Every structure is written in C-alpha cells, then in structure tokens.
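Understanding the architecture of this molecule
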Amino acid sequence: MLDLTHLSDASFREALDLYHGPVLASHNNCRALVPHQRQFSDAQIGAIIARDGVIGAALDAWMLVPGWVKGSIANRQARLSMVADHVDHVCQLAGNSRHTALGSDLDGGFGREQSPADLDTIADLQKIAALLVGRGYSSDEVAAVMHGNWLRLLRKAWGAR
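A few points on the structure. (Residues numbered from 1 in each chain as written. Predicted model: local features only at pLDDT ≥ 70, side-chain atom pairs only at ≥ 80, totals over all residues. Heavy atoms only, no water.)

1. A word on the overall build of the protein
A count of helices and strands for the protein gives five helices and four strands. Reading the secondary structure of the protein in the N-to-C direction produces β-α-β-α-β-α-β-α-α. By the compact-globule yardstick of 15 Å for 161 residues, the protein fits well, its C-alpha radius of gyration being 15 Å. Each principal axis of the C-alpha distribution contributes one length, and for the protein these read about 45 × 35 × 25 Å. Of all 161 residues assigned to the protein, the portion counted as buried reaches 47%. (Helix = DSSP H or I, 4+ residues; strand = E, 2+ residues; numbered from the N terminus. Rg over C-alpha atoms; globule rule 2.2 N^0.38 Å. Buried < 20%, exposed > 50% of the residue type's maximum accessible area, 1.4 Å probe, protein only.)

Quick look at the structure:
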C-alpha cells in the first residue's frame, strides 16, 4: 500500500500515475474545510475514493482550525466535532462512509495544546462515534469509520478474507 499523506500536489499526482496498488492517507484532512496545501483537495479525495482507498482524519489542531497559530490562546477552539466535519465531508464526496476513518496523528509530535480541546485521553475518541450518530450515521457506518474501513483495506491489501 502507498500512504499519500504528506505529499505535495505534484507528488500526489505522480505517485498515483506510477503506483497502481492500494492507496491510503493515514492522517489527512480536507482542504475545502481548512485551506492549506497540506490538506487534500476534493479532487485528490476523489482520486483516493476511485482507488477504493481510505483517508484517516487527523486530529492535529492546525489541520482542524483555519489559520491556527502555534501558541495562540484561540487554539482551544479545535474540537472533536471538527474531526467529524472532515469525516462527513469525505462521506459526502464519496456518497458513502467507506473511505474515511480515524487517522489521529497523535503520535507524540505534540501534546494537548495542539489537540482538540475536548480530547483528554485516547478513550475520548469514542466521542466521535456519538457525533456521527448525531449527524444521522447508522451504527454500521460509524463502525466502519471507527475501525472497519481500516480493517477492510488492510485485509484486501494482504489478500485476507
């Protein structure tokens, strides 16, 4: 599998032209919601969807809040509902919940100061499930986003059933 996260726009296109296997974005969000070249455009998201890939929503505050500035007191406006916004945007583009999941980016490169304000422990990721249910997603769709889409993609790539 090829992880398209962190690629520039040109690199993204070149990678898809050269690599024809399964693709994913382990932690990436939507440029339509947070304008920044590091986020994916709707066209890039569509390319991943067309390849039956999965995009893991990132929880890094700068990827959730337009204009986020390191160290600013206004940064606490990042919320888990914003993660749900990115998940929902991908679902709307795809017409289903098959191509998005939790990606996190909570690997130690930053602390709570750069995380959603309502994320205190890893257990709080379950709040995203409730947010999606509140937006009308079914329990099967929520399970797909919370873990099932990653499992499906990995099993497919590994040739498992």
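Now that the structure has been shown, the text picks up again.
2. So, helix α3 (residues 80-94)
With 15 residues, α3 extends 21 Å between its outermost C-alpha atoms, agreeing within 8% with the 21 Å of an ideal straight helix rising 1.5 Å per residue. Among the residues of α3, those classed as buried are Leu80, Met82, Val83, Ala84, His86, Val87, His89, Val90, Cys91 and Ala94. At the exit of α3 stands Gly95, carrying a positive phi of roughly 80°. (Expected span 1.5 Å × (residues − 1).)

3. Re the pairing of strand β3 (residues 54-58)
With five of five residues buried, β3 is to be regarded as a mostly interior element. Neither face of β3 is exposed, since Val54, Gly56 and Ala58 on one face and Ile55 and Ala57 on the opposite face are all buried. For strand β2 (residues 23-25) and β3, the ladder comprises two bridges, and the chain directions are parallel. Counted as the bridge partner of Leu24 is Val54 from β3. As a crossover connection, the stretch from β2 through helix α2 (residues 42-50) into β3 is right-handed. Strand direction decides the pairing type here: β3 and strand β4 (residues 100-104), joined by four bridges, are parallel. Note on β4: the bridge partner recorded for Ala57 is Leu102. (Pairing = 2+ DSSP bridges. Right-handed = clockwise from strand over helix to strand, strands pointing away.)

4. Describing the packing of helix α1 (residues 9-18) against α2
Following both chains from N to C, one finds α1 and α2 inclined at 20°, their axes separated by 12 Å at the closest point. In terms of their interaxial angle, α1 and α2 are classed as roughly parallel. As α1 runs across α2, the sense of the crossing is left-handed. Packed against α1, whose contacting residues are Asp9, Phe12 and Leu16, the element α2 presents Gln44, Ala47 and Ile48 at the interface. (Axes fitted to C-alpha atoms, helices over the stretch in contact; angles between N-to-C directions. Parallel < 35°, antiparallel > 145°, perpendicular 65-115°, else oblique. Left-handed = near helix turned anticlockwise from the far one by under 90°. Contact = heavy atoms within 4.5 Å.)

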